[in-house]
Amino acid sequence: MKKRLLKMGLSIALVSALSFMTACGGNSSNQPQGETSAPTEKTGETPTDPMAKYDPPIELTTIRSVSNIKFDEGESIDKNAVYDAYEKDLGIKIKNSWVSDKYSEKLKISIASNNIPDFFRVSASELQELQEADMIADVTDIFDKYATPKTKEWFNLDGGRQLSTATFDNRLMAFPATDNPYNSSSYLWIRKDWLEKLGLPKPQTMQDVIKIAEEFTKQDPSGTGKTYAFALNSDYINGGAYDLQGFFNGYHAYPGIWVKDSSGKLMFGTIMPEMKQALKQLQDMYKAGMIDPEFAVKDQDKENELVVAGKIGIAYGAFWQSIWPLQSAAVQNGKLAQDWEAYPIVSIDDNPAKTATGIGVDSYFVVSKKAKHPEAVMKIINKWIEIQTSSRDDNKVYMFGKSEVDKSALLWKINPTVFFAQDENLPAGKLLPKAIEAKDPSLLGTNPEINLRYKRVQQYLAGDLNMWNEWAISKPGGSFAIMNQYDQEKRYQVDEFYGTLTPAMLEMKGILGEKTKETFTKIIMNKVSVDEFDKFVEEWKKLGGEQMTKEANEWYETVKK
Amino acid sequence: MVSHASISRKIFVVCNYVFLMALSLLCVLPLVHIFAVSLSSGAAASAGIVKLWPVEFTTAAYQNIFDKPQYFTAFWVSVKRVLLGTGINLLLTITAAYPLSKDSSYFRPRTVYVWIFVITMLFSGGLIPWFMTIKATGLMDSIWALVLPSAVPVFNVILLLNFFRSLPKELEESARIDGAGHFMILWKFYVPLSLPALATITLFSMVGHWNSWFDGLILMNNPDNYPLQTFLQTIVISKDPRFLSAQEAELLLQMSDRTSTAAQIYVAALPILLVYPFLQRFFVKGIVMGSVKE
């Protein structure tokens, strides 16, 4: 076993080391390639109609992960109605070089062996590596020339922040997989049935939350013998579900993102002095036996055991927390056993609590330098955005497959590039509660996802408890409504750093993250005094945090002008 | 053995048995637990109340597996891989070990060859060159990619080589006098006499082939060609909800279904577990024979 682990570790180290080496070696051989591909760009199509069809059809290779994709009978990721539609409409044959659910592992090998397809999806750090290795094409001109006005509008809805995360020295090197940043906002989920049982009001302040936590643990509403305050998992700083981001935000601390300090400079939220107060509170609660002493070694599923058993009544987490992991706790044996409800996060003082969100992009589509038709990728993207912005009948195949009927099978995921609107879900938070109250689906508009959600809510109201999770999200006062409320009350604290990752970030973020988690966990578990936080800040700076901050501010100077 | 054991001996025996029993329980209990989870209801499993006996007994998880055609495709790939791979491994191990077991006086370049073999065991080209070689030979996406790169397990060769050397030389000499050639000697004397050692390396190969998943992942471009363990790897993945769009979250629900995960793990582990008892008797004999020969 040990040997195997060692072997695995070694191979991983080798992959990364080699990917770096081959990447550097590849430089020289790639150079001429890039030069020769430039003229083809210009001599290609005479008119720059961004949607012109290729005749004869061209072939474009990509790579796919198929986890969570369903297919129509007889179709597969290699052969399906969606790929056929691209060929029919754009003259682009999409071919998968490989298909794997262990996408990033396989991609590393492909990159290291200099064997990348024409276009593919990568993470931020992979984008950085590919850019340094000079393996991907500069898509600035392609975007200027071939993006439709609608596409340009789509990418610039947030003022170009997401685009700038893929811009190196003013050159766009990838298409960011746009998404809305609000999805990562935090919510305070509480068991409403417990609140009612104990006659407690809805939480308005952090003091209320602490009071509720105390009452819950003291009174043990479900009579299980031992009740804890918060559902917590080992990834509690920013885990999405059962984390504490919303709690920290209540103290105006924003761990994990960059914020402006009083002097107008960027600082990393993890070392804000406000963190200390929040950690102190957690330590006090831990001392009082209000926090699961095993939280540091549990993942969400494991922690969920306590929730299912009725031993926890408060859980900070994302808007989708009702889907996972709460659904399995709320609905047990065909009955609604626990009534969880989302509330806006609350503040420790008079300033309203802001919820920390990232930029909203976590992956990118890159084009290989060796691609013969780099502009074809832009055309595919144009197509997707056209489908999203206007639901015409001849576009339905892209969303719903060959039957062109919405079967809720999410067949749109077959598309080789998928982008979400930068304000996705905000309209949902406004429209859905209204339509549900008025029982009038015509208020919803044409967005397919919003309509799907309405349908699911109706299923819940008709007695389908499997749809409880959707009800908790979309109902009046549900998490979507709160998402919209945050927006109206300007309570989003968006990451101020939206450049490409700096060298120090790439190098140090992992180590600093480990250090942070270790220290915070020790403080919460009362292994060290809360004053350890000050020492941690110093160490964080010394270990590369200082350098990271310096580079972040250098970048910040360039965008301030 | 003395029949009247001293008190300290008795204490030792008791302690030893307790210790060994605890050790074997440590190995068996996780299996029993997973088996119990696989036969429990989803709610009981996610509440963590299932210990060693199924709670709210149901076979739904197993039915789920039998509904998944991909599972059987992967299972079949694994079976093919084990049969082919073990066969090739055995054949090449035996034919390589035989000449290398000869004395250098008889087979002069023996030491050189042995070193060549051993060097590949100590140093490897690394993952990327390995991958590129296999790609260049056009094996990608075929069953041979899983079988041929590991066709000669050097460790097994050395094991068998040493076993061959421990066989009495006189046997070979007398066979030679009677006119037997190398092939005759190898297949009629060496192989039948080395059954215990062969059983050991057969088991090594089988378990190795059955359990390996990484090469399947790297060398197969189409998930339909995944062997079972690679397929399982992709199912029992750790989730990262941050990369989750709203609609995808629903599918996460199914993924977090522990009972079906447990059932799949169980079905995958079962075949190889069943092989052990059959090879067991060779094992015991092998140990005894080795000790007498010393």
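Nothing here was measured: the structure is a model prediction, and the numbers come from that model.

Asker: Can you tell me about the overall build of chain B, naming the residues and giving the values?
Answerer: Looking only at helices and strands, chain B features 15 helices and 0 strands. Counting across all 294 residues of chain B, residues that qualify as buried make up 40%. Pairs at least 24 residues apart make up 70% of the contacts formed inside chain B by residues separated by at least 6 positions.

Asker: Let's hear about helix 16 (residues 426-438) of chain A: which residues, and what values?
Answerer: Here helix 16 of chain A contains 13 residues, and its C-alpha end-to-end distance of 19 Å stays within 8% of the 18 Å for a straight helix at 1.5 Å per residue. Taken together, the buried residues of helix 16 of chain A touch helix 17 (448-461), helix 18 (468-474), helix 19 (479-488) and strand 17 (492-494) of chain A.

Asker: Report on the domain arrangement of chain B, specifying residues and quantitative values.
Answerer: How large an interface is tends to be reported as the accessible area lost when its parts come together. Residues and elements named next belong to chain B. Here chain B is partitioned into domain 1 (7-47) and domain 2 (62-293). Together domain 1 and domain 2 conceal approximately 780 Å² of surface at their shared face, both sides included; 78% is due to carbon and sulfur atoms. Put simply, domain 1 and domain 2 have 1 residue pair in polar contact (both at pLDDT 80 or more) between them. Among the elements of the structure, helix 1 (7-38) and helix 2 (42-47) are those that each provide at least two residues to the side of domain 1 that touches domain 2. Ranked by residues supplied to the side of domain 1 that touches domain 2, first place goes to helix 1 with 5 residues.

Asker: Give a detailed account of the domain arrangement of chain A, specifying residues and quantitative values.
Answerer: Residues and elements named next belong to chain A. One can read the domain layout of chain A as domain 1 (2-180 + 361-414), domain 2 (187-357 + 490-560) and domain 3 (426-488). Counting from both sides, the interface comprises 9 residues of domain 1 and, opposite them, 8 residues of domain 2. Buried area between domain 1 and domain 2, both sides added, is near 690 Å², and the carbon and sulfur share of it is 58%. Taken together, the links from domain 1 to domain 2 amount to 3 residue pairs in polar contact (both at pLDDT 80 or more). The element best represented in the side of domain 1 that touches domain 2 is helix 4 (residues 124-132), accounting for 3 residues. Looking at side-chain class alone, the side of domain 1 that touches domain 2 contains 3 nonpolar, 5 polar and 1 charged residues.

Asker: I'd like a rundown of the sheet that holds strand 14 (residues 340-343) of chain A, residues and numbers included.
Answerer: Residue and element names in this part refer to chain A. Reading across from one edge, 8-11-7-14 is the order of the 4 strands in this open sheet, with mixed pairing throughout. Unpaired on one side and paired on the other, strand 8 (228-230) and strand 14 mark the two borders of the sheet. When the angles between neighbouring strand axes are averaged without regard to direction, this sheet yields 20°. In terms of strand pairing, strand 7 (residues 187-191) meets strand 14 through 4 bridges, oriented antiparallel. Following the sheet pairing, Trp189 is matched in strand 14 by Ala342. Strands in contact with helix 19 are strand 7 and strand 14; relative to strand 7, the strand with the most contacts, it is inclined by about 145°.

Asker: Describe the packing of helix 20 (residues 503-524) of chain A against helix 21 (residues 532-560) of chain A, with residues and values.
Answerer: Residues and elements named next belong to chain A. Where helix 20 meets helix 21, the axes come as close as 10 Å, and the angle between the chain directions of the two elements is 165°. Viewed along their axes, helix 20 and helix 21 adopt a mutual orientation that is roughly antiparallel. Crossing of helix 20 over helix 21 shows left-handed handedness. Along its contact with helix 20, which presents Pro503, Ala504, Met505, Met508, Leu512, Lys515, Thr516, Thr519, Phe520 and Ile523, the element helix 21 presents Glu532, Phe533, Phe536, Glu539, Trp540, Leu543, Gly544, Gly545, Gln547, Met548, Glu551 and Ala552. Tallied by class, the residues present in the contact of helix 20 with helix 21 amount to 13 nonpolar, 5 polar and 4 charged.

Asker: I'd love a proper account of the pairing of strand 16 (residues 363-367) of chain A, names of residues and values included.
Answerer: All names here are of chain A. Within strand 16, 5 of the 5 residues are buried, which leaves the element mostly enclosed by the surrounding structure. Neither face of strand 16 is exposed, since Ser363, Phe365 and Val367 on one face and Tyr364 and Val366 on the opposite face are all buried. Pairing of strand 3 (residues 119-123) with strand 16 involves 5 bridges; the strand directions are antiparallel. Bridge pairing links Phe120 to Val366 in strand 16. Judged from the 2 bridges that link them, strand 6 (residues 175-176) and strand 16 form a sheet pairing that is antiparallel. Its bridge partner being in strand 16, Pro176 is matched across the sheet by Tyr364.

Asker: Tell me what's going on with the sheet that holds strand 16 of chain A, and back it up with residues and numbers.
Answerer: Pairing in this open sheet of 3 strands is antiparallel, and the strands run 3-16-6 (chain A) from one edge to the other. Two strands in the sheet have a free side with no partner beyond their single neighbour: strand 3 and strand 6 of chain A.

Asker: Outline the pattern of salt bridges, supporting the account with residue identities and numerical values.
Answerer: Residues and elements named next belong to chain B. Applying the stated rule across the entire model yields 30 salt bridges over all chains. Between Asp215 and Arg81 there is a salt bridge, with its nearest N and O atoms 2.8 Å apart. With Asp215 in helix 12 (residues 214-219) and Arg81 in helix 4 (residues 69-100), the pair connects residues that are 134 residues apart, well separated along the chain. In this pair, the class of Asp215 matches that of Arg81, namely buried.

Asker: Account for unusual backbone geometry, naming residues and giving values.
Answerer: Residue and element names in this part refer to chain A. Cis rather than trans, the peptide bond between Asp55 and Pro56 has omega equal to 0°. With respect to the helices and strands, Pro56 occurs in the loop between helix 1 (2-43) and strand 1 (58-64). With an omega of 5°, the peptide bond between Trp324 and Pro325 qualifies as cis. Within the secondary structure layout, Pro325 lies in the loop between strand 11 (312-317) and helix 13 (326-330). Not every positive phi belongs to a glycine, and Asn170 is a case in point at roughly 65°. With respect to the element layout, Asn170 can be found in the loop between strand 4 (167-168) and strand 5 (171-172). Its relative accessible area of 70% is what places Asn170 among the exposed residues. Positive phi, close to 60°, is recorded for Glu404, a residue that is not glycine. If you trace the backbone, Glu404 turns up in the loop between helix 15 (396-400) and helix 16. On the basis of relative accessibility, which here comes to 36%, the residue Glu404 falls in the partly exposed class.

Cut-offs applied
- Residues numbered from 1 in each chain as written.
- Chains lettered and ligands numbered in written order.
- Predicted model: local features only at pLDDT ≥ 70, side-chain atom pairs only at ≥ 80, totals over all residues.
- Heavy atoms only, no water.
- Helix = DSSP H or I, 4+ residues; strand = E, 2+ residues; numbered from the N terminus.
- Buried < 20%, exposed > 50% of the residue type's maximum accessible area, 1.4 Å probe, protein only.
- Contact = heavy atoms within 4.5 Å.
- Expected span 1.5 Å × (residues − 1).
- Domains from an automatic or database assignment.
- Buried area = accessible area lost by both parts, 1.4 Å probe.
- Polar contact = N/O pair within 3.5 Å; in protein donor to acceptor, adjacent residues only side chain to side chain.
- Nonpolar A, V, L, I, M, F, W, Y, C, P; charged D, E, K, R; others polar.
- Pairing = 2+ DSSP bridges.
- Axes fitted to C-alpha atoms, helices over the stretch in contact; angles between N-to-C directions.
- Parallel < 35°, antiparallel > 145°, perpendicular 65-115°, else oblique.
- Left-handed = near helix turned anticlockwise from the far one by under 90°.
- Salt bridge = Lys/Arg side-chain N within 4 Å of Asp/Glu carboxyl O.

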